[in-house]
Amino acid sequence: MRQKRAKQYRKQMLVYQHTFKFREPYQVIVDDELVMGCSKASFDVAKGLTRTLQAEVKPMITQCCIQKLYESRDQHAIDIAKTFERRRCNHPPKDPVPPHECIKSIVNINNENKHRYVVATDNERLRYSLRKIPGVPLIYMNRSVMVMEPLSKASALVSTSKEKNKLTHGLNSVKSGVANAEQDDETGETETKKKRKGPKQPNPLSIKKKKVKSGENEQQQTTEKTKKRRKRSHKKREAGQDEGEGKGDGDGDGEGEGDGEGKGESQGESQD
Ligand SMILES: [Zn+2]
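Quick caveat: nothing in here was measured; it's all calculated off a predicted structure.

Chemist: Report on the overall build of the protein, specifying residues and quantitative values.
Modeler: Helix and strand counts for the protein come out as 10 helices and 6 strands. Evaluated residue by residue, the protein yields a buried proportion of 26% over its 272 residues.

Chemist: Describe the sheet that holds strand β5 (residues 138–142), listing the residues and the values that go with them.
Modeler: Backbone hydrogen bonds hold the strands of a sheet together, and the pairing may be parallel or antiparallel. Reading across the sheet, the 6 strands line up as β3-β2-β1-β4-β5-β6 and stay open at both edges, with mixed pairing between neighbours. The open sheet is flanked by β3 (85–87) and β6 (145–148), the only strands paired with a single partner. Averaged over all pairs of adjacent strands, the angle between strand axes in this sheet comes to 35 degrees, irrespective of strand direction.

Chemist: Now, about unusual backbone geometry: what can you tell me, with residues and values included?
Modeler: Trans is the common state for peptide bonds, and a negative phi is the common state for residues other than glycine. A cis geometry characterises the amide bond from Glu-24 onward to Pro-25, with omega recorded as -5 degrees. Position of Pro-25 relative to the elements: it lies in the loop between α1 (2–20) and β1 (26–30). Look at Ser-42: it is not a glycine, yet its phi comes out positive at around 45 degrees. Within the secondary structure, Ser-42 is located in the loop between α2 (32–40) and α3 (45–53). Phi at Asn-90 is positive, roughly 65 degrees, even though this residue is not glycine.

Chemist: Could you give an account of the pairing of β5, naming the residues involved and the relevant values?
Modeler: One face of the sheet, then the other: side chains in a regular strand alternate in exactly this way. Two elements, strand β4 (residues 117–120) and β5, share 2 bridges in a ladder whose sense is parallel. Paired with Val-119 across the strands is Leu-138, a residue of β5. What joins β4 to β5 is helix α7 (residues 124–131), and the crossover it makes is right-handed. When β5 meets β6, the two strands line up antiparallel, connected through 4 bridges.

Chemist: Describe helix α4 (residues 63–72), listing the residues and the values that go with them.
Modeler: By the burial criterion, the buried members of α4 are Cys-64, Cys-65, Ile-66, Gln-67, Lys-68 and Leu-69. The secondary structure elements touched by the buried residues of α4 are α2, β2 (57–62), α5 (75–82), β3 and α6 (99–107). Once α4 finishes, Arg-73 follows within two positions and takes phi at roughly 60 degrees, a positive value.

Chemist: Please provide a residue-by-residue account of the nonpolar core, values included.
Modeler: Val-28, Ile-29, Val-30, Val-35, Val-107, Val-119 and Ala-120 are the most contacted members of the largest nonpolar core, which totals 42 residues. Setting aside residues no more than four positions away along its own chain, Val-107 makes contact with Ile-29, Asn-113, Tyr-117, Val-119, Leu-130, Ile-133 and Val-136.

Chemist: A description of the environment of Ala-77 should follow, citing residues and the corresponding values.
Modeler: Here Ala-77 shows up in helix α5. By C-beta crowding, Ala-77 is classed as buried, having 24 other C-beta atoms within 10 Å. For Ala-77, the residues in contact, after removing those within four places along its chain, are Val-35, Met-36, Ser-39, Leu-69 and Ser-72.

Chemist: An account of the packing of α2 against α5 is needed here, citing residue identities and associated values.
Modeler: Orientation of α2 relative to α5, taken along the N-to-C sense of each, is 120 degrees, at an axis distance of 9 Å. The interaxial crossing formed by α2 with α5 has right-handed handedness. The residues of α5 that touch α2, namely those facing Val-35, Met-36 and Ser-39, are His-76, Ala-77, Ile-80 and Ala-81. Tallied by class, residues from the contact of α2 with α5 come to 5 nonpolar, 2 polar and no charged.

Chemist: How would you sum up the environment of Lys-132? Please name residues and give values.
Modeler: Positionally, Lys-132 belongs in the loop between α7 and β5. In this structure the C-alpha to C-alpha distance between Lys-132 and Lys-153, which are 21 residues apart in sequence, comes to 7.6 Å.

Chemist: Quick rundown of the confidence of the model for the protein? Include the residues and the values.
Modeler: On average, residues of the protein score 78 in pLDDT, and 62% of them are at 70 or above. The model gives residues 176–195 a pLDDT under 50, and that stretch makes 3 contacts with residues more than four places away or in other chains. Note on residues 235–272: pLDDT under 50 across the span, and 29 contacts to partners over four residues away in sequence or across chains.

Reading the values: rules and limits
- Residues numbered from 1 in each chain as written.
- Predicted model: local features only at pLDDT ≥ 70, side-chain atom pairs only at ≥ 80, totals over all residues.
- Helix = DSSP H or I, 4+ residues; strand = E, 2+ residues; numbered from the N terminus.
- Buried ≥ 20, exposed ≤ 12 C-beta atoms within 10 Å, placed from the backbone.
- Pairing = 2+ DSSP bridges.
- Axes fitted to C-alpha atoms, helices over the stretch in contact; angles between N-to-C directions.
- Right-handed = clockwise from strand over helix to strand, strands pointing away.
- Contact = placed C-beta atoms within 7 Å.
- Core = buried A, V, L, I, M, F, W, Y, C linked by C-beta atoms within 7 Å.
- Left-handed = near helix turned anticlockwise from the far one by under 90°.
- Nonpolar A, V, L, I, M, F, W, Y, C, P; charged D, E, K, R; others polar.
- pLDDT = per-residue confidence, 0-100.

Spelled out as structure tokens, the structure:
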């Protein structure tokens, strides 16, 4: 039975590690009542926690809880609590909050166990309220045996949904996947845009280029050729028509010839 339970607890802590990112040494918030109970039963709380969680633990007690112990004047319990790390809760020492309210306030932060505390308390009401927060390992004393509760429904839900995410979205963690996806989207778009330009350019642009170039070149070529032709026409005129009548005619002929020949030559280039 003992071994079976130990294996169960180890498995559970693995879930807390993987799903809720618990790390050793586990921080265990112990309430004043549990300290007093263990003190009376001469049960070593720290050793019990180490054995139950099968890991390094850091027992902690809040200011309000130790204040309650001071009021009890149970010196043995106070001495035990003094060996624990004090958890500052920022409740005024002169006006402490009821211990369970205090523990709730440091464990439940926006319905999240932000600081990844394990909570050890015999108080059923406190455990009931902490079960609703995903990822709060709960420990209590059953007679003289320290027991860890099975995963709460809230914890199990988060755990299974994360496992599903791993199955559906690959083995990478969800968060890293999202982060990468965002980056990939940005870089991916630019890359795809570049790539799109790449493959489109060679084939369609080989045609388009000629059109565009021919369009661009047409102007240049036509201007060049009209100039040339003007010269030619001038030469022709000079050669053929020495009479100065045909300035207007010459210009008109030159432009017409230039356009026609320019297009023809550009098409010829495009075919090459
Ligand atoms: Zn407090």
